[in-house]
Amino acid sequence: MSIKEGEIVGIAGVEGNGQTELVEALTGLRKASRGKIMYLGEDIASSTPKNIRRKKIAHIPEDRTNTGLNTQLSIWENLIGNSYFRKPLSSKGIFNLKKVAKHANKLKEDFDIRSPNVSLKVKSLSGGNQQKVVVARELSEDPTLTIASQPTRGVDIGNIEAIHEQLVQMRDEGGAVLLVSAELDEVMAVADRVGVMYEGQIVKWVNPKEVDQSQMGLYMAGVTE
Amino acid sequence: MDKFSFKDVLVTFAGLFITTLVAWVLITSTGNNPSEVAKYLYEGGFKGTRNIANSLYQATPLILTATATLISFRVGMFNIGINGSMYVGALYAGWAGYRFTNLGHLSHVTLCILIGMTVGALWMLLPALLRVYAGVSEIISTIILNFVAVLFVSYMANGPFRADPIAPATARILETAELKQIFPNSQFNTGFFIAVIVAILAHFVLNKTTFGYELRSGGDGLVGVYPSRFSSYLGIPSDRSAIIGMLISGALGGLAGAIEVLGAVRYFFQELEFNQGFDGILIGILGKLEPIGAIIASLFYGAIKNGGFFVDYKTDVAREIIIVLISILIFFVSAQKIVKGLEKYPIVKKLDSFFSRKKM
């Protein structure tokens, strides 16, 4: 499979067919047993999450409360997870808390995180707002590639729309997006190209505008004519 | 950022009030006069230079053990072995105190303290490595190491380090290794200032540096969450954070022991007994896992602990009553449902939002 700039590639499939493992391998959270992952001409298959992040690959994980966030930390502490180490947020290892506050409040406004202030603990937010914290952090660093895994799970309708818009906006600005979701409607509506995953393999590439739901259902069950 | 809100203060005072009531009942039922006990408790804790100095002396190791415990909690490790670090730190600081001669005052004290901290940190290395590389719960290993530490120092004081032919004790530390006692008739010593500076430093490192952020990314709550998926997801090595956190924690425990020997006891003997490592857990929780909170809670605890000695001396009430009272207080202060219950009163909500206006 491949992803080019300016497109959203969707991965559809019944859960448990290897989507989680695919995303973990791409983001360095799991070692790929074999094969290569070429990113801008470089093999990142055995790279660490840190190095992959530094290459401007963003990751919205499917497990929000344990992986995507530390719910014990405050909103601002979660928002700076991918940018705390560099200027202007910190210099020589010491935080510039004014700049941090400015950065966090800007993300809170831009991504419409509903909270009285950014000092509250993330665990006090609703599921949808927690997800917005994850999305805000991941998209704040202008990623070249965004890997979004179940980005709207447990999120209410209004916020689902907002997250979809943000992914589409990433694409329109020239970024590449990989959208992995168990929600067939979501993949079909947002993606430009959809790969159907079955038992760890991509069995079929389809154009979401040309196939209907029942056909997709057959593909997802492993029927490829 | 600021974890202290008006609600917390209110709960603390409500806890104090309930504790007082329970104490009243307890003391009356044992046939003593509660108002007399209260008077001596106050006098012993706060009245006169000597009592105040002694209260501060009692608070000194508590500040360090509480800070040590809360650091481990905030990196996601549940370390309850600070008492063990304190023992070995005290033993080796005492050893360095008589072993190295011909040193200046400052260099000798510094050397003793550094040795005490290093030994205290090394004591925590084993549980940290066992947790990270073998998956052994640090709660279990640190509890066990507390017992090992007591037996180990007792063996050392009785065997290799024994200097006194009559009692199992090491030689007295040299004068160059002493932390100076400032007030007459009080064991208060300059170690108190070291403890406060270290706690303030810990506050700065934990809350204001990227290093502290990396340490905390895998924890920051009362419940240890190592290994943290959040840390590895961000590319922060959570194994390294956990080990470093445990080492810092152990070093501060060793420092508490070193100050106790260099500043007050002046030699190490077999029966020397520490329990500040355990008190530190309660104080760290009482201080809301913040070093500054730990200083305040330690000063409070130190004062009533010293008051307890005075009560013990003046009345029939045993000083253990203080431990009972503190336990009741912690019990109420940490009861989260009480905090939640208070939220339904509009006045509390209003005052809370007024006092906890955030800068961010």
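Points about the interface of chain B and chain A
Counting residues at the interface gives 19 residues for chain B and 27 residues for chain A. When residues of the side of chain B that touches chain A are traced back to their parent elements, those giving at least two are α8 (210-216) and α9 (229-234) of chain B. In terms of residues, the side of chain B that touches chain A owes the most to one element, α9 of chain B, which gives 5 residues. Of the residues assigned to the side of chain B that touches chain A, the class counts are 7 nonpolar, 8 polar and 4 charged.

Examining helix α1 (residues 6-29) of chain B
What sets the pattern is the α-helix's 3.6 residues per turn: residues three or four places apart point alike. Residues and elements named next belong to chain B. For α1, built from 24 residues, the straight-helix expectation of 34 Å at 1.5 Å per residue is met to within 8% by its first-to-last C-alpha distance of 35 Å. Those residues of α1 not exposed but buried are Val11, Gly15, Thr19, Ala23 and Ile27. Two residues or fewer past α1, glycine 31 is found with a positive phi of approximately 80 degrees.

Considerations on the nonpolar core
If you look at the biggest cluster of nonpolar residues, it comprises 100 residues, and the most contacted ones within it are Ile63, Leu91, Ala93, Cys112, Leu255, Ala258 and Leu262 of chain B. Looking at which element gives the most residues to this core, the answer is helix α10 (residues 238-265) of chain B, with 13 residues. Here isoleucine 63 of chain B is in contact with Ala195, Val196, Ala199, Ala294, Ile295 and Ser298 of chain B, once residues within four sequence places are set aside. Residues Trp76, Leu167, Met170 and Val194 of chain A belong to the second largest nonpolar core, which totals 57 residues.

Comments concerning the sheet that holds strand β1 (residues 8-12) of chain A
Residues and elements named next belong to chain A. Spatial strand order, β4-β7-β8-β1-β9-β10: 6 strands in an open sheet with mixed pairing. Where the open sheet ends on each side, the last strands, each with one partner, are β4 (57-60) and β10 (201-206). Pairwise comparison of adjacent strand axes, ignoring direction, gives a mean angle of 20 degrees for this sheet. The pairing of strand β9 (residues 193-198) with β10 spans 5 bridges and is classified as antiparallel.

A few points about the domain arrangement of chain B
Residues and elements named next belong to chain B. In terms of domain boundaries, chain B breaks down into domain 1 (1-32 + 319-360) and domain 2 (59-315). Contact residues are listed per partner, giving 11 residues for domain 1 and 13 residues for domain 2. Per-element accounting of the side of domain 1 that touches domain 2 gives the leading share, 5 residues, to helix α13 (residues 320-333).

A look at the environment of isoleucine 322 of chain B
Residue and element names in this part refer to chain B. Mapped onto the elements, isoleucine 322 comes out in helix α13. For isoleucine 322, a count of 21 C-beta atoms within 10 Å translates into the label buried. Sequence separation of isoleucine 322 and methionine 124 is 198 residues, and the distance between their C-alpha atoms is 30 Å. In contact with isoleucine 322, other than residues within four places in its own chain, are Ile304, Lys305 and Gly308.

A look at the environment of proline 151 of chain A
Residue and element names in this part refer to chain A. By secondary structure assignment, the location of proline 151 is in the loop between β7 (145-149) and α7 (157-172). In the structure, proline 151 is positioned 15 residues away from alanine 136 in sequence and 12 Å away in space, judged by C-alpha atoms. Excluding anything up to four places from it in sequence, proline 151 contacts Ile60, Val135 and Ile163.

Considering unusual backbone geometry
All names here are of chain A. The step from lysine 87 to proline 88 runs through a cis peptide bond, and the omega angle for that step is 0 degrees. Looking at where proline 88 falls in the secondary structure, it is placed in the loop between α4 (75-79) and β5 (90-91). For aspartate 112, which is not glycine, the phi torsion reads 55 degrees and is therefore positive. Here aspartate 112 lies in the loop between α5 (97-110) and α6 (127-139).

As for the packing of helix α11 (residues 276-286) of chain B against α13 of chain B
Packed helix pairs are characterised by how far apart their axes lie and by the angle those axes make with each other. All names here are of chain B. Packing of α11 against α13 leaves a shortest axis separation of 10 Å and a crossing angle of 35 degrees. At the point where α11 passes α13, the crossing takes the left-handed sense. Between α11 and α13, the residues in contact are Leu282, Ile285 and Leu286 and Ile326, Ile330 and Val333, respectively. Split by residue class, the contact of α11 with α13 holds 6 nonpolar, no polar and no charged.

Examining the environment of asparagine 102 of chain B
Residues and elements named next belong to chain B. Relative to the helices and strands, asparagine 102 is located in the loop between α4 (82-99) and α5 (105-134). Residue classification places asparagine 102 among the exposed residues on the basis of 7 C-beta atoms within 10 Å. When the C-alpha positions of asparagine 102 and glutamate 320 are compared, they lie 44 Å apart, and in sequence the two are 218 residues distant.

Section: α7 of chain A
Residue and element names in this part refer to chain A. The terminal C-alpha atoms of α7, which comprises 16 residues, lie 23 Å apart, in line with the 22 Å expected from a rise of 1.5 Å per residue. Turning to α7, its buried residues are Asn159, Ile163, Gln166, Leu167, Met170 and Arg171. Along the axis of α7, the buried residues cluster in a sector spanning 145 degrees; they form a single face. Summarising the geometry of α7, the exposed residues directed more than 90 degrees from the buried face are Ile157, Gly158, Glu161, Glu165, Gln169 and Asp172. Looking at the buried positions of α7, the neighbouring elements they touch are β1, α6, β7, β8 (176-180) and α8 (184-190). Directly after α7, the chain includes glycine 174, whose backbone phi takes a positive value near 100 degrees.

Analysis parameters
- Residues numbered from 1 in each chain as written.
- Chains lettered and ligands numbered in written order.
- Predicted model: local features only at pLDDT ≥ 70, side-chain atom pairs only at ≥ 80, totals over all residues.
- Contact = placed C-beta atoms within 7 Å.
- Helix = DSSP H or I, 4+ residues; strand = E, 2+ residues; numbered from the N terminus.
- Nonpolar A, V, L, I, M, F, W, Y, C, P; charged D, E, K, R; others polar.
- Expected span 1.5 Å × (residues − 1).
- Buried ≥ 20, exposed ≤ 12 C-beta atoms within 10 Å, placed from the backbone.
- Core = buried A, V, L, I, M, F, W, Y, C linked by C-beta atoms within 7 Å.
- Pairing = 2+ DSSP bridges.
- Axes fitted to C-alpha atoms, helices over the stretch in contact; angles between N-to-C directions.
- Domains from an automatic or database assignment.
- Left-handed = near helix turned anticlockwise from the far one by under 90°.
- Arc of directions from axis to C-beta.

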